[in-house]
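Analysis of the macromolecular model
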Amino acid sequence: MACQRIKDKAKGISFDLFNMRDGYPDLNDYDIVGFATYACGVKVAQYVFDYMTGLEAVQDKLVFVFTTYGKDNGSSCMVLARLVLRKGFKMIGEHALHTPENYPPVIRLEHGYEHYPTKKQVKAFDDFIDDLSKKAMLGIHQKTIM
Ligand SMILES: Cc1cc2nc3c(=O)[nH]c(=O)nc-3n(C[C@H](O)[C@H](O)[C@H](O)COP(=O)(O)O)c2cc1C
């Protein structure tokens, strides 16, 4: 839903959404690439780490990273950012969004955050999307995949 919101609200950008479980798309077709995942153990899930490690190197392709989290994002965004920077991407933005918790044992024993994100968090998320739109419109970087 969060990725769909980025796609729907971004202005002046033609967006494709791609599931990393379906392999690797041809990034040559895109000017900007976004990588998104959920916080897992205050980092990223092992399969996400493996996917990112297996990416082909690029040269200064523009990138943004985005994570969702249920309570504490920890270093999830930073881990994702480091993984892409190692591959030669050039960072144009990062954001983390507090969503409801999705891990059943935690929901039962600790917290659910069913009503998150708050209005303020949604506004911060939308500001991030506006910022992406502005950066994309500043250049010719309009074909995007996430
Ligand atoms: C195995 C596992 C580990 C998780 N670790 C964290 C974590 O370290 N910090 C956190 O805030 N949320 C953690 N979560 C919760 C998810 O990151 C959070 O609910 C996320 O926003 C769910 O997105 P989704 O509903 O699109 O899957 C974890 C969830 C799972 C399943």
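Position numbers for residues count from 1 along each chain, tracking the sequence in the order it is written. Per-residue local features are limited, in this predicted model, to residues with pLDDT of at least 70; the limit for side-chain atom pairs, both in listing and counting, is 80 or more; totals at the level of whole chains, interfaces and linings are taken over all residues. To get the side-chain values, take all heavy atoms of the structure and skip hydrogens and water.

**Let's talk about the layout of surface pockets**
This is how it is decided: Cavity means a closed set of points on a 1 Å grid over the protein atoms alone, one where a 1.4 Å probe fits but cannot get out, pocket means an open set with protein on both sides within 12 Å along at least 5 of 7 lines, and lining means a residue has an atom within 4 Å of a point. Grid points are joined across faces, edges and corners, and a volume is the space filled by probe spheres set on the points. Secondary structure elements follow DSSP: runs of H or I no shorter than four residues count as helices, runs of E no shorter than two count as strands, and numbering proceeds from the N terminus.
Counted as a void, the largest pocket has a volume near 460 Å³. In terms of lining, the largest pocket is formed by 23 residues, of which the most central are C3, F18, M20, A36 and T37. Broken down by secondary-structure element, the contributors of at least two residues to the lining of the largest pocket are α1 (2-9), β2 (32-38), α2 (46-53) and β3 (62-69). In terms of residue count, β2 provides more of the lining of the largest pocket than any other element does, six residues in total.

**Remarks on the site of the ligand**
Inclusion rule: The nearness test applies per residue and asks whether one of its heavy atoms lies within 4 Å of the molecule or strand. For every accessible area listed, the method is Shrake-Rupley and the probe measures 1.4 Å; residues are considered covered only by the protein chains on display. Here the criterion for a molecule occupying a pocket or cavity is that more than half of its atoms lie within 2 Å of the pocket grid points. Ten residues, namely Ala, Val, Leu, Ile, Met, Phe, Trp, Tyr, Cys and Pro, are considered nonpolar, four, namely Asp, Glu, Lys and Arg, are considered charged, and the remaining ones, Gly among them, are considered polar.
Close to the ligand lie 15 residues, the nearest being A39, V42, K71, D72 and T99. Protein coverage of the free-state accessible area of the ligand, which is 650 Å², stands at 71%. With respect to the detected pockets, the ligand is housed in the second largest pocket. Residues belonging to the shell around the ligand are distributed by class as follows: seven nonpolar, five polar and three charged.

**Some words on the packing of α1 against helix α5 (residues 119-138)**
Keep this limit in mind: Note on geometry: axes are C-alpha line fits, over the in-contact stretch for helices, and angles between N-to-C directions span 0 to 180 degrees. An angle below 35 degrees is treated as roughly parallel, one above 145 as roughly antiparallel, one from 65 to 115 as roughly perpendicular, and anything else as oblique. The handedness criterion is simple: a crossing whose near helix is rotated anticlockwise from the far helix by less than a right angle is left-handed, and one whose near helix is rotated clockwise is right-handed. Note on contacts: a residue pair is in contact if any heavy atoms of the two residues lie within 4.5 Å.
Between α1 and α5, the least distance of the axes is 10 Å, while the angle of their chain directions is 50°. It follows from the interaxial angle that α1 and α5 lie oblique. Viewed along their axes, α1 and α5 form a crossing whose handedness is right-handed. When α1 is examined against α5, the residues A2, R5, I6 and K9 are found in contact with a partner set consisting of V122, F125, D126, F128, I129, L132 and S133. Partitioning the contact of α1 with α5 into residue classes produces seven nonpolar, one polar and three charged.

**Observations regarding the confidence of the model for the protein chain**
Low pLDDT means the predicted coordinates in that region are not meant to be read closely. Applicable threshold: The pLDDT value expresses, per residue, how confident the predictor is, ranging between 0 and 100.
Mean pLDDT for the protein chain: 94, with 95% of residues reaching 70 or above. The secondary-structure element of the protein chain with the lowest mean pLDDT is strand β5 (residues 143-145), recorded at 67, while α2 shows the highest, at 98.

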